[in-house]
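Given next are the chains, with one letter for each unit.
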Amino acid sequence: MGDAQGVAGKLALVTGASRGIGAAIARRLASAGCELLLVGRSENALAAVAREIGKSGGSAGCISVDLGDAEQTAELVQAVREKYGRLDVLVNNAGIAEPASLSETSVEMWDRHMAVNARAPFVLSSRFTDLLARSADGVIVNIGSVVSHKGYVNQGAYAASKHAMLGLTKVLARELHPRGVRVHLVSPGGVATDMISGVRPDIDLSELMDPEEVAKVVEFLIGMDGVATVDEIAVRRRQSEPWK
Ligand SMILES: NC(=O)c1ccc[n+]([C@@H]2O[C@H](COP(=O)([O-])OP(=O)(O)OC[C@H]3O[C@@H](n4cnc5c(N)ncnc54)[C@H](OP(=O)(O)O)[C@@H]3O)[C@@H](O)[C@H]2O)c1
């Protein structure tokens, strides 16, 4: 899967690249020829992923940022502007999920989920729009979840934040299409990472998807082109089925 020619040479920023799904996406895009910007809080963990990419012949820079902090998120945008002045791919992957029933969910916990899982993707997507629009094929991939579409007990704040990401993606896709930027949402079910061990310790990780499977989908979405918008598909459908 994936069109390496469509991916090679792109500058891709991946949030939450220090482990789990984000690290798998970063490694996969690097092996397809992307230059990587790895974002997360843990400097050491980011550096370890960057070293691994370097050893395989790829190139990755690290930026340590707490995306729960609005000021640090704005500084990340500024740092990328000053140091690189361009961006082709943004993968909003960083996320948190703290299990609690809604009656046990504190306002702080709610705000933390919304800040990392919804506000940071909004800030990065909207503040990088001009750089992405200048790219020959700017792409945003948001890592949602099955929980962007469904609700499960003890995942109230997480579900609300992932539903917010779904709404954000729908609007971004329409607003950025005229500027040549594609926007996608990937909604995985259970993936074997630290997150799922924390949220669902009852689940056997060996029964879940490997992060690499999500990374393959992300690489495919970045490499594809010539995709009709929802509006264009609706027009075609009306033309071919005028009775509907
Ligand atoms: N695992 C699943 O079953 C599953 C299913 C569907 C969707 N997802 C989504 O996939 C994405 C990745 O999840 P994962 O399973 O790979 O989780 P993970 O293993 O817990 O990794 C989360 C990543 O996000 C980063 N991160 C967390 N808080 C951050 C913050 N405040 N600022 C910057 N970076 C932060 C972490 O890095 P630091 O700790 O170093 O900051 C880490 O790199 C999330 O958006 C999650 O909702 C996961």
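Residues numbered from 1 in each chain as written. Predicted model: local features only at pLDDT ≥ 70, side-chain atom pairs only at ≥ 80, totals over all residues. Heavy atoms only, no water.

**Student:** How should I be thinking about the overall build of the protein chain in this particular structure?
**Tutor:** On a plain count of helices and strands, the protein chain comes out with ten helices and six strands. For a compact globule of 244 residues, the expected C-alpha radius of gyration is about 18 Å, and the protein chain comes in at 18 Å, within 12% of that figure. Dimensions of the protein chain, computed from C-alpha atoms along their principal axes, come out at roughly 50 × 50 × 35 Å. The buried share among the 244 residues of the protein chain stands at 45%. Once local pairs closer than 6 in sequence are excluded, the contacts in the protein chain between residues at least 24 apart make up 69%. Element-wise, carbon and sulfur atoms account for 52% of the exposed surface of the protein chain, whose accessible area totals about 12,100 Å². Each charge sign in the protein chain was given a centre, from 26 positive and 29 negative side chains, and these centres are 5 Å apart. (Helix = DSSP H or I, 4+ residues; strand = E, 2+ residues; numbered from the N terminus. Rg over C-alpha atoms; globule rule 2.2 N^0.38 Å. Buried < 20%, exposed > 50% of the residue type's maximum accessible area, 1.4 Å probe, protein only. Contact = heavy atoms within 4.5 Å. Areas by Shrake-Rupley, 256 points an atom, 1.4 Å probe, with all protein chains shown as cover. Lys, Arg positive; Asp, Glu negative; His and termini not counted. Charge placed at Lys NZ, Arg CZ, Asp CG, Glu CD.)

**Student:** Sorry, what's going on with the packing of helix α4 (residues 70-83) against helix α5 (residues 107-127) here?
**Tutor:** Helix-helix packing: each pair is described by the crossing angle between the helix axes and the interaxial distance. Contact geometry for α4 and α5: axes closest at 10 Å, N-to-C directions at 30 degrees. One way to sum up the angle between α4 and α5 is to call them roughly parallel. With respect to the hand of their crossing, α4 and α5 are arranged in right-handed fashion. Taken together, the residues of α5 that come into contact with α4 (itself represented by A70, T73, L76, V77 and R81) are R119, A120, V123, L124 and R127. Residues that form the contact of α4 with α5 fall into these classes: six nonpolar, one polar and three charged. (Axes fitted to C-alpha atoms, helices over the stretch in contact; angles between N-to-C directions. Parallel < 35°, antiparallel > 145°, perpendicular 65-115°, else oblique. Left-handed = near helix turned anticlockwise from the far one by under 90°. Nonpolar A, V, L, I, M, F, W, Y, C, P; charged D, E, K, R; others polar.)

**Student:** Just to check I follow, could you spell out unusual backbone geometry for this structure?
**Tutor:** Positive phi is not limited to glycine here, since N154 has a value of about 65 degrees. The residue N154 is located in the loop between β5 (139-143) and α7 (156-176) in this model.

**Student:** Mind showing me how you'd approach the pairing of strand β4 (residues 89-92) here?
**Tutor:** In the case of a regular strand, side chains alternate between the two sheet surfaces. The alternating pattern of β4 places V89 and V91 on one face and L90 and N92 on the opposite face, and all of these are buried. Here strand β1 (residues 11-15) pairs with β4 via three bridges, running parallel. Across the sheet, A12 pairs through a bridge with V89, a residue of β4. Relative to β5, β4 is paired through four bridges, and the arrangement is parallel. The residue bridging N92 from the neighbouring strand is N142, located in β5. (Pairing = 2+ DSSP bridges.)

**Student:** Just to check I follow, could you spell out helix α9 (residues 211-223) for this structure?
**Tutor:** Helical geometry: 3.6 residues make up each α-helical turn, so side chains three or four residues apart lie on a common side. When the terminal C-alpha atoms of α9 are compared, their 19 Å separation across 13 residues agrees well with the 18 Å that a helix rising 1.5 Å per residue should span. Within the sequence span of α9, burial applies to P211, V214, A215, V218, E219, L221, I222 and G223. You can read the cap of α9 off the contacts: a side-chain oxygen lies 2.9 Å from the backbone nitrogen of E212, and it is on D210. (Expected span 1.5 Å × (residues − 1). Polar contact = N/O pair within 3.5 Å; in protein donor to acceptor, adjacent residues only side chain to side chain.)

**Student:** Where do I start with the sheet that holds strand β6 (residues 182-186) in this structure?
**Tutor:** Neighbouring strands of a sheet are bound in pairs by backbone hydrogen bonds; such pairs are parallel or else antiparallel. Taken together, six strands build an open sheet; the order of strands is β3-β2-β1-β4-β5-β6 and the sheet is parallel. Two strands close off the open sheet at either side, each with one partner strand: β3 (59-64) and β6. Averaged over all pairs of adjacent strands, the angle between strand axes in this sheet comes to 15 degrees, irrespective of strand direction. In the packing of α5 onto the sheet, contacts are made with β1, β4 and β5, and the angle to β4 comes to roughly 170 degrees.

**Student:** Got a minute to help me understand the site of the ligand in this structure?
**Tutor:** Taken together, 31 residues sit near the ligand, with R19, R41, N93, Y158 and T193 positioned nearest. Note that an oxygen atom of the ligand is positioned 2.8 Å from one of the backbone N or O atoms of I21. A distance of 2.8 Å separates an oxygen atom of the ligand from a polar atom in the side chain of K162. Considered on its own, the ligand offers 880 Å² of accessible surface; in the complex 96% of this is hidden by protein. (Near = heavy atom within 4 Å.)

Function cannot be read off these values alone, since they describe shape.
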